[in-house]
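So the chains spell out like this:
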Amino acid sequence: MTTTTERAVGQPIERIEGPDKVRGAARYAAEYQVGDDLAYAWVAQSPVASGTLNGVTVDPLVEADDVLAVLWHGNAPRLAEADDPELAVLQSERISYRGQALALVVARTFEAARRAAATLQLDIAEDPHDTVLRTDHPELYAPEKVNPAFPAATSSGDVDAAFEAAPVTVDVTYSTPALHNSPMEPHATTALWAGDDLVLYDSNQHPPGIAATVGALFDLPPERVHVITEHVGGGFGSKGTARPNAVLAAMAAKVTGRPVRLALPRQALFSMVGHRTPTIQRVRLAAAEDGRLTAIDHEVVEHSSRLFEFAEQTAVATRHMYAAPNRRTGHQLVRLDMPTPRWMRAPGEAPGMVALECAMDELAVALSLDPIELRVRNEPSVEPESGVPFSSRHYVECLRRGADRFGWHDRDPRPRQRREGDWWIGTGVAGATYPTMAQPSTARVRRLAADSYEVSIAAADLGTGARTILTQIAADALEVPVSQVRMRIGDSTLPKASVAGGSSGSASWGWAVTGACRALRSSSSSSSSSSSDEATFDSSELIEKQEKDGKHAFGAHFAEVRVDAVTGEVRVSRLFGMFAAGKILNPRTARSQFLGGMIMGMGMALHEESVLDPAMGTWVNHDLAEYHIPAHADIESIEAEWLDEQDDQLNPMGSKGIGEIGIVGSPAAILNAIWHATGVRIRDLPARLDKILPHI
Amino acid sequence: MKTFTYRTAAGVADGLEPGATFLGGGTNLVDLMKLGVATPDVLVDVTRLGLDDVAELPGGGLRIGAGVRNSDLAADPRVRGQYPVLSQALLAGASGQLRNMATTAGNLLQRTRCRYFMDATMPCNKHDPGSGCPAVSGDHRNLAILGASPSCIATHPSDMAVALAALDAVVRISGPTGERTVPVTELHRLPGDTPERDTVLEHGELITAVDLPPLEFATRSTYRKVRDRASYAFAVGSVAAALQVTDGTVRDVRLAFGAVAHKPWRASQAEEALRGRPATRESFLAAADAELGAARPLRDNTFKVALIRNLVASVLEGLS
């Protein structure tokens, strides 16, 4: 074994699969060549938001030669009961939302499937529907838990008395619209049966999870399902669990006896694969004259579907962000005739921190206090609700260093003071936080010939650089150059990995990889006969013993915006993020993660909105021409930096998750900057020109 | 997508069989076919008819071939020098790749981006006459404030057409019954009870060119587009303007609005109100008000009235 002293972790190594992606050689789920008899599937979606599907009539003349099957609840194979009712596709006559999969056409060609689907006659008895989230909805209820397992409500001290007594209070309501994840690669599956085994080329964030979930529906144990997920063109949470495309493709392959490809069209991503719930959030803050918070109250109203309860943890970040003796958080849900909301980048934190961090800005104004100073004065010494010490918390350092780097100190705190031509110019700040998590995973390392090693784990790389980072981690643990490590991921038959979600991938998988590589080294260094060419490590036991509370990444966002006095148009001249997220494993891919999150945060502040038509019972914008995300021209100056944070209570790498924290707080910094530029508070996202124009 | 046949047009007077439609750059038509909103039986490709020159007219002005690509037209030195409003409008639209494909006639004939029209599963009087207009009570933030009807509140999405309307451009048309010319301002219809018809073109009529008459003061012209993001978005409101001021008085003016109506909206009343008036912000605002008095905004697009008013004043101040 060669040894090397230069550590790979911390180096800005380029993505290993980058050249393949640039050349088009990287294969995605809908691109695998799987035989000459490949069939294509197309989903017929519900045109109503609520009702009953009584029958499906197929014109026998339509595409007679090319159509292989038309499946619906009247003839589809029965599936075992699904934990996720969204996966019980074609099993019931009940229609729960507009866009739900009602029938599946399988044909010899993609075009024939699509054409035949358009001619299906769906015999539907339509029911009235209700798709509007409102704070006075009679069916609002408090769930027991919010995701993943937090209490829905918390309370300590006497919040009401604190508000009565406080000299300064803020009582504001912020609302965020439904948002759609919109990964570049739409959800897709190519399915085939090899005997009784199922093979799925599927775009997802968790190959072993997809194998277990889809397998269970077809009464197969996970090991009989082979999920191949070599490359993923983004997921942002919407590919964290199996989606209907995987089940439908597997079903179609079973019925037709052929490999079947189902690539959802962009429009279907706006109904069938999840969204971020809209939220209406009331935040109340009470403070003493010196700015110390005496009470925090954050109450959230959000929706779920008729199919099941998905309760976003919107107010959970508020539980540990600032010190205050009296505190209350709560969530209420209403079940509407809508698709089930699901995870979308920083679920909970992203919308929740809009309300909290904008309310903090409003409080700073009410107190005539610098918004950074207000935050510093409310820095807690331990987690305020759990009492658990933070494993590391450098929020104040992020605010202070960020302020220096951004040039905050000569800021005139008054709004509407800086004008250049038609532009009002302003700056804003907001805090960021995201929990640091690790989940049990297993990795295996094998010594191959000629000083090379194969490291395997069933992880998924969504474009984040996971494959590259794991290679770096393995190289260091083996004490060899990265060139001697071959990383195998993206295959459910490899040792079991946790989901690429919750910003936990690198920590979880890296832990297992480190463990396996160290085990191999220690077995080789011992001269005994136990020396082996292979080692496997399962992190479950270590992770179960670990304290879960008190572990978070922190950050601070700074924005400079200009608002056109003639039109109300907002442009973000500068966006700067300073993060404290443990050891940064690869500065190149980390920067990309931070910036990507910040850009998505800009989209959340200014652009993204799924526009509901209550009468039609659906969102009416469902492509990337009408669902706006930032274009390149929207990105002017954008930078991310980080502190060198040491934390030995996390995982062997000392890393915190960085995939999501960029979107947390960045929208609030932009909204706060809009206020500073114009004096206009936008409390209803996105901050579009039509909301600003009447007030400037 | 419905099955269709494809042929190339043999000549400008070739006409169209029933169920056929002309294909230019395809940047809008092909999208609508994929969405099932456009379902032609035959595509007749007119991009090989040699209609891709920009030529100077004998008495001044330019003749723009119907097939001239948007990128080429925007870069033409004569357009940039004599009609900057047109070059700016073209460059404000779409993306570089789309402008490389899109043609002059195709740009004029692009269809509304109303979200109900673009979705074949929705009612829409434009794609399914008689099915109703959900936009009136639904999503209409970016729909018409001028010239709409209860049947349709769609807007025309082109930037280029707004500049052409301001410049008194004339569309040259060839069809089965001969040739004719129509001012750009009269090419598009107001929706009335028949919103399924965007323009006055009859089936088989082909736009062969767009004539730009000489307009000396168009060297002082500009296009201002307001949109929801910095690039690659249709207008929320736009203004094309050319202004001639002598001794502080408006001698002549051309003004057109985009994203407010079923057609590029030539603001004739505003122009009339301005001629002979002092070139001041007050006059500009009064002129805008003269035009916008007819605006009938709906629940969520009232902001467009103030937006256009502000834009008119700002653009004309910039030109004066």
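Residues numbered from 1 in each chain as written. Chains lettered and ligands numbered in written order. Predicted model: local features only at pLDDT ≥ 70, side-chain atom pairs only at ≥ 80, totals over all residues. Heavy atoms only, no water.

1. Side note on the overall build of chain B
Worth spelling out the cut-off: A run of DSSP states H or I qualifies as a helix once it reaches four residues; a run of E qualifies as a strand once it reaches two. Both are numbered from the N-terminal end. Atoms considered for the radius of gyration are the C-alpha atoms alone. The globule rule reads 2.2 Å times the number of residues to the power 0.38. Relative accessible area decides the class of each residue, using a 1.4 Å probe on protein chains only: under 20% of the type maximum gives buried, over 50% gives exposed, and in between gives partly exposed. Whether two residues are in contact is decided by their heavy atoms: any pair within 4.5 Å suffices. The protein chains shown are the only cover counted for residues, whose accessible areas, like all others here, come from Shrake-Rupley with a 1.4 Å probe.
Along chain B, the regular secondary structure elements total eleven helices and twelve strands. A compact globule built from 320 residues would reach a C-alpha radius of gyration of about 20 Å, and chain B, at 19 Å, matches this within 12%. With respect to the three principal axes, the spread of C-alpha positions in chain B is 60 × 50 × 35 Å. Relative to its full complement of 320 residues, chain B shows a buried share of 57%. A fraction of 64% describes how many contacts in chain B between residues 6 or more apart in sequence connect residues 24 or more apart. In the form shown here, chain B has an accessible surface area of approximately 12,300 Å², with 50% of it arising from carbon and sulfur atoms.

2. With respect to unusual backbone geometry
Cis peptide bonds are those with omega within 30 degrees of zero, and the linkage from Asn147 of chain A to Pro148 of chain A qualifies with -15 degrees. With respect to the element layout, Pro148 of chain A can be found in the loop between β7 (145-146) and β8 (150-151). In this structure, the amide linkage connecting Leu685 of chain A to the following residue, Pro686 of chain A, adopts the cis form with an omega of -5 degrees. Positive phi outside glycine occurs at Ser503 of chain A, with the angle close to 50 degrees. Position of Ser503 of chain A relative to the elements: it lies in the loop between β22 (485-488) and α11 (505-525). Located in the positive-phi region is Asp168 of chain B, a residue other than glycine, with phi close to 60 degrees. Residue placement: Asp168 of chain B occurs in the loop between α7 (160-166) and β6 (170-175). Classification of Asp168 of chain B by relative accessible area gives partly exposed; the value is 33%.

3. Considerations on the interface of chain B and chain A
In many reports, interface size means the accessible area that the parts give up when they come together. To keep it simple, the criterion reads: Put simply, buried area is the surface a 1.4 Å probe can reach on two separate parts but cannot reach once they are joined, added for both. By definition, a salt bridge exists where a carboxyl oxygen of Asp or Glu is found within 4 Å of a side-chain nitrogen of Lys or Arg. Residues adjacent in sequence count toward polar contacts only when both atoms are side-chain atoms; beyond that, a polar contact is any pair of N or O atoms within 3.5 Å, and within protein one must be able to donate a hydrogen and the other to accept it.
Counting residues at the interface gives 32 residues for chain B and 31 residues for chain A. Interface of chain B and chain A: buried area, both sides summed, is about 2,700 Å²; carbon and sulfur atoms make up 55% of it. If you sort the residues of chain B by the area they bury against chain A, Arg115, Arg229 and Ala230 of chain B come out on top, with a joint share of 24%. Where chain B packs against chain A, one counts three salt bridges. Counting across the interface, chain B meets chain A through twelve residue pairs in polar contact (both at pLDDT 80 or more). Looking at which element gives the most residues to the side of chain B that touches chain A, the answer is helix α11 (residues 303-319) of chain B, with six residues.

4. Overview of the side chain of Asn125 of chain B
Residue and element names in this part refer to chain B. In this structure, Asn125 sits in the loop between α6 (104-108) and α7. Given the relative accessible area of 10%, Asn125 is considered buried. One polar contact links the side chain of Asn125 to the main-chain amide nitrogen of Gly130, over a distance of 3.2 Å. Within the local environment of Asn125, its side chain forms a polar contact with the backbone oxygen of Ser151, the two atoms lying 2.8 Å apart. Ignoring any residue separated from it by four or fewer positions in sequence, one finds Asn125 in contact with Gly130, Ser131, Gly132, Cys133, Ser151, Pro195 and Glu196.

5. Concerning the sheet that holds strand β19 (residues 423-435) of chain A
Residues and elements named next belong to chain A. Using the following cut-off: In this analysis, strands are considered paired if DSSP registers two or more bridges between them. Axis lines are fitted to C-alpha atoms, over the contacting stretch for helices. Their N-to-C directions set the angle, which ranges from 0 to 180 degrees.
Here five strands make up an open sheet; going across it, the order is β18-β19-β24-β25-β28 and the pairing mixed. In the strand order of this sheet, the two ends are held by β18 (418-420) and β28 (637-642), each with one partner. Looking at each pair of strands side by side, their axes are set apart by 25 degrees on average, direction ignored. Sheet topology note: the strand β25 (residues 570-580)/β28 ladder contains six bridges and is parallel. Looking across to β28, one finds that Met578 is bridged to Glu641. Along the sheet face, helix α9 (residues 395-406) touches β19, β24 (552-564), β25 and β28 and points at about 35 degrees away from the line of β24.

6. Thoughts on the packing of aromatic side chains
Residues and elements named next belong to chain A. What counts is decided by this rule: Stacked, tilted and edge-to-face pairs are distinguished by plane angle, under 30 degrees for stacked and over 60 for edge-to-face with tilted covering the rest, among Phe, Tyr and Trp rings (Trp via its six-membered ring) whose centres lie within 6.5 Å. Distance and angle both matter: a charge sits over a ring if NZ of Lys or CZ of Arg is within 6 Å of the ring centre and within 35 degrees of the ring normal.
According to the stated counting rule, one finds 13 aromatic pairs over all chains in the structure shown. With a centroid separation of 5.3 Å and an interplanar angle of 65 degrees, the aromatic rings of Phe270 and Tyr627 are classed as edge-to-face. With a gap of 357 residues between them, Phe270 in the loop between β14 (260-263) and β15 (279-287) and Tyr627 in the loop between β27 (618-619) and β28 connect regions that are remote in the sequence. One exposure class covers both Phe270 and Tyr627, and it is buried. For the pair Phe310 and Trp343, a centre-to-centre distance of 5.1 Å together with 80 degrees between the ring planes defines the contact as edge-to-face. Residue Phe310 is found in the loop between β16 (293-305) and α6 (318-321), and its partner Trp343 is found in the loop between β17 (326-336) and α7 (349-367); the two are separated by 33 residues along the sequence. The rings of Tyr322, Phe390, Tyr395 and Phe554 are connected pair by pair, giving a single aromatic cluster. Its end group placed over the ring of Trp423, Arg562 keeps NZ or CZ at 4.8 Å from the ring centre.

7. Regarding the UniProt feature "domain: FAD-binding PCMH-type" (unreviewed entry) in chain B
Just so we agree on the cut-off: UniProt positions are given in the numbering used here, feature names are shortened, and annotations may be inferred rather than shown by experiment.
Feature annotation in UniProt assigns "domain: FAD-binding PCMH-type" (unreviewed entry) to the following positions: residues 1-217 of chain B. Helix makes up 23% of residues 1-217 of chain B and strand 18%. Its end C-alpha atoms lie 47 Å apart.

8. What to know about the pairing of β24 of chain A
All names here are of chain A. The element β24 is extensively covered by neighbouring structure, given that 13 of its 13 residues are classed as buried. Every second residue of β24 is oriented toward a common face, with His552, Phe554, Ala556, Phe558, Glu560, Arg562 and Asp564 on one face and Ala553, Gly555, His557, Ala559, Val561 and Val563 on the other, all of them buried. Here 13 bridges tie β19 to β24, and the two strands are oriented antiparallel to one another. Bridge assignment links Trp424 to a residue of β24, and that residue is Val563. Following β24, the chain reverses through five residues before pairing antiparallel with β25; Gly568 in that reversal takes a positive phi of roughly 80 degrees.

9. Side note on the pattern of salt bridges
Enumeration according to the criterion identifies 72 salt bridges over all chains in this entry. Across the pair Arg414 of chain A and Asp412 of chain A runs a salt bridge, and its minimum N-O distance is 2.6 Å. Under the relative-accessibility criterion, Asp412 of chain A is labelled partly exposed at 28%. What you see here is one network of salt bridges that share partners, running through Asp168, Asp252, Arg254, Arg266, Glu271 and Arg275 of chain B.

10. A short note on the side chain of Arg243 of chain A
Residue and element names in this part refer to chain A. With respect to the secondary-structure elements, Arg243 resides in the loop between β13 (225-228) and α5 (244-256). Separated by 2.7 Å, the side chains of Arg243 and Asp84 make a polar contact. If we ignore the near neighbours within four places in the chain, the residues touching Arg243 are Asp84, Glu86, Leu87, His187, Ser238, Met272, Val273 and Arg342.

11. Some words on the packing of helix α10 (residues 466-478) of chain A against α11 of chain A
Residue and element names in this part refer to chain A. We apply this condition: Note on terminology: angles under 35 degrees are roughly parallel, angles over 145 are roughly antiparallel, angles of 65 to 115 are roughly perpendicular, and the others are oblique. Crossings are classed by handedness, with left-handed meaning an anticlockwise turn of the near helix from the far one by less than a right angle and right-handed meaning a clockwise turn. Gly counts as polar in this scheme, as do all residues outside two lists: the nonpolar Ala, Val, Leu, Ile, Met, Phe, Trp, Tyr, Cys and Pro, and the charged Asp, Glu, Lys and Arg.
Two elements in contact, α10 and α11, have axes whose closest approach is 8 Å; the angle formed by their N-to-C orientations is 30 degrees. In terms of axis orientation, α10 runs roughly parallel to α11. Once α10 is placed against α11, the crossing between them reads as right-handed. Here Ala466, Ile469, Leu470, Ile473, Ala474, Ala477 and Leu478 of α10 come into contact with α11, specifically with Ser506, Trp509, Gly510, Val513, Thr514, Cys517, Arg518, Leu520 and Arg521. Grouping the constituent residues of the contact of α10 with α11 by class yields eleven nonpolar, three polar and two charged.

12. Comments concerning the domain arrangement of chain A
Residues and elements named next belong to chain A. Formally: Domain extents, as shown, originate in an automatic or database domain assignment.
Looking at the assigned domains, one finds that chain A contains domain 1 (18-27 + 438-545), domain 2 (35-127 + 182-270) and domain 3 (145-179 + 276-436 + 549-695). Carbon and sulfur atoms supply 51% of the area that domain 1 and domain 2 bury against each other, a total of about 1,400 Å² over both sides. Remark: the boundary between domain 1 and domain 2 carries one salt bridge. Two residues, Glu230 and Arg27, come together in a salt bridge whose shortest N-O distance is 4.0 Å. Joining domain 1 to domain 2, the criterion identifies eight residue pairs in polar contact (both at pLDDT 80 or more). Across the side of domain 1 that touches domain 2, the residue classes tally to eight nonpolar, six polar and six charged.

13. Structural notes on the packing of α7 of chain A against helix α14 (residues 666-678) of chain A
For any two helices packed against each other, the geometry is given by the interaxial angle and the distance between the axes. All names here are of chain A. Between α7 and α14, the shortest axis-to-axis distance is 8 Å and the interhelical angle comes to 35 degrees. Considering the relative orientation of α7 and α14, their crossing is right-handed. In contact with Met353, Val354, Glu357, Cys358, Asp361 and Val365 of α7, α14 contributes Pro667, Ala668, Leu671, Asn672 and Trp675. Here the residues of the contact of α7 with α14 are counted per class, giving eight nonpolar, one polar and two charged.

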